[in-house]
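A closer look at the structure
Here are the chains, one letter per residue:
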Amino acid sequence: MRIIKSILPLVLCLIVTACSANAKKSDVVINAQNSYMTEAINEALDGITNGHGGPFGCVIVKDGKIIGRGHNMVLANNDSTAHGEITAIRNAEKAIGSYDLSGCELYTTGEPCPMCLYAILWANIDKVYYGCTIEDNASIGFRDETFDNLAGGREALEDILICIDRDACLELFEVYNNMEHNLY
């Protein structure tokens with residue numbers, strides 16, 4: 001399998017009609033080149049406009065069909081493990097009646113933190129497509145890199161982690177950063 005750490009940003013269709021502190025999901029439209037990433041962005045927009053948590057949305061796809069979706073619910077559930085990827089994994093496993101997500105791809109707006117990355121591996125997900133990088137996550141106040149360093153880095157996992165639609169996801173992060181929100 002070819003190792004791909006990052007894909008150069010491609011032409012994206014980005015339309016942001018509002019980016020104020022009072023933005024509502026219906027006020028903001030961000031279209032990524034990849035339709036599944038657009039769905040992940042919409043999940044994240046739903047979460048941040050409802051005060052559920054950070055700008056992390058996720059969809060899980062099997063055989064071209066979305067079987068699970070979720071967004072960060074840390075603040076809404078007072079649950080530090082309710083990251084977007086974890087909520088999407090739970091949703092997908094419930095939908096198919098199995099803990100085994102072999103043959104699935106996961107699309108997420110931010111590169112998974114170590115906790116989510118290991119949950120992805122436990123769930124047997126084949127491929128992860130992410131928008132914003134760990135460094136981008138840090139730029140809006142998240143400390144994933146601290147935990148990454150404790151775990152020894154992620155170089156060994158480059159075969160399954162592929163960066164796509166970073167510009168669209170950075171636009172989402174900008175919307176979030178311009179909103180009034182709680183950091184955790």
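What comes next is a walk through the structure.

What counts and how
Residues numbered from 1 in each chain as written. Predicted model: local features only at pLDDT ≥ 70, side-chain atom pairs only at ≥ 80, totals over all residues. Heavy atoms only, no water. Helix = DSSP H or I, 4+ residues; strand = E, 2+ residues; numbered from the N terminus. Buried < 20%, exposed > 50% of the residue type's maximum accessible area, 1.4 Å probe, protein only. Contact = heavy atoms within 4.5 Å. Areas by Shrake-Rupley, 256 points an atom, 1.4 Å probe, with all protein chains shown as cover. Salt bridge = Lys/Arg side-chain N within 4 Å of Asp/Glu carboxyl O. Expected span 1.5 Å × (residues − 1). Pairing = 2+ DSSP bridges. Right-handed = clockwise from strand over helix to strand, strands pointing away.

1. What to know about the overall build of the protein chain
For the protein chain, the count of helices and strands is 7 helices and 7 strands. Beginning at the N terminus, the succession of helices and strands in the protein chain can be written as β-β-α-β-β-α-α-β-α-β-α-α-β-α. Evaluated residue by residue, the protein chain yields a buried proportion of 48% over its 184 residues. Sequence-distant contacts in the protein chain: of pairs separated by 6 or more residues, those separated by 24 or more amount to 62%. Within the structure as shown, the protein chain displays about 9000 Å² of accessible surface, and the carbon and sulfur contribution to it stands at 50%.

2. Digging into the environment of N124
By the secondary structure assignment, N124 is in the loop between α4 (114-122) and β6 (127-132). Judged by relative accessible area, N124 falls into the partly exposed class, the value being 33%. Considered as a pair, N124 and C104 are 20 residues apart in the sequence and their alpha carbons are 8.0 Å apart. Excluding residues within four positions of it along the chain, N124 makes contact with D100, L101, S102 and G103.

3. Digging into the environment of N182
Position of N182 relative to the elements: it lies in the segment after α7 (166-177). Assessed through its relative accessible area of 53%, N182 is described here as exposed. Here N182 is in contact with L75 and Y176, once residues within four sequence places are set aside.

4. Some remarks on the pattern of salt bridges
Pairs can form between side chains of opposite charge whenever their charged atoms are close. Inspection of the entire model under this criterion finds 3 salt bridges. A salt bridge links R166 to D136; the shortest N-O distance between them is 2.6 Å. Here R166, found in helix α7, pairs with D136, found in helix α5 (residues 134-139); they are 30 residues apart in sequence, far enough to count as distant. Members of the salt-bridge network, linked through shared partners, are E39, E43 and R69.

5. Structural notes on helix α3 (residues 84-96)
With 13 residues, α3 extends 18 Å from end C-alpha to end C-alpha; this agrees with the ideal 18 Å at 1.5 Å per step. All buried positions along α3 are accounted for by G84, E85, I86, T87, A88, I89 and A92. As for α3, its buried residues are in contact with β3 (57-62), β4 (65-71), β5 (104-110) and α4. A positive backbone phi angle near 70° is found at G97, which sits one or two residues after α3.

6. Remarks on the pairing of β5
Burial analysis of β5 places 6 of its 7 residues in the buried class, which makes it a mostly covered element. Sheet topology places β3 next to β5; 5 bridges connect them, and they run antiparallel. The residue of β5 that forms the bridge with V59 is Y107. You can see the chain leave β5, run along α4 and come back into β6, and the turn it takes is right-handed.

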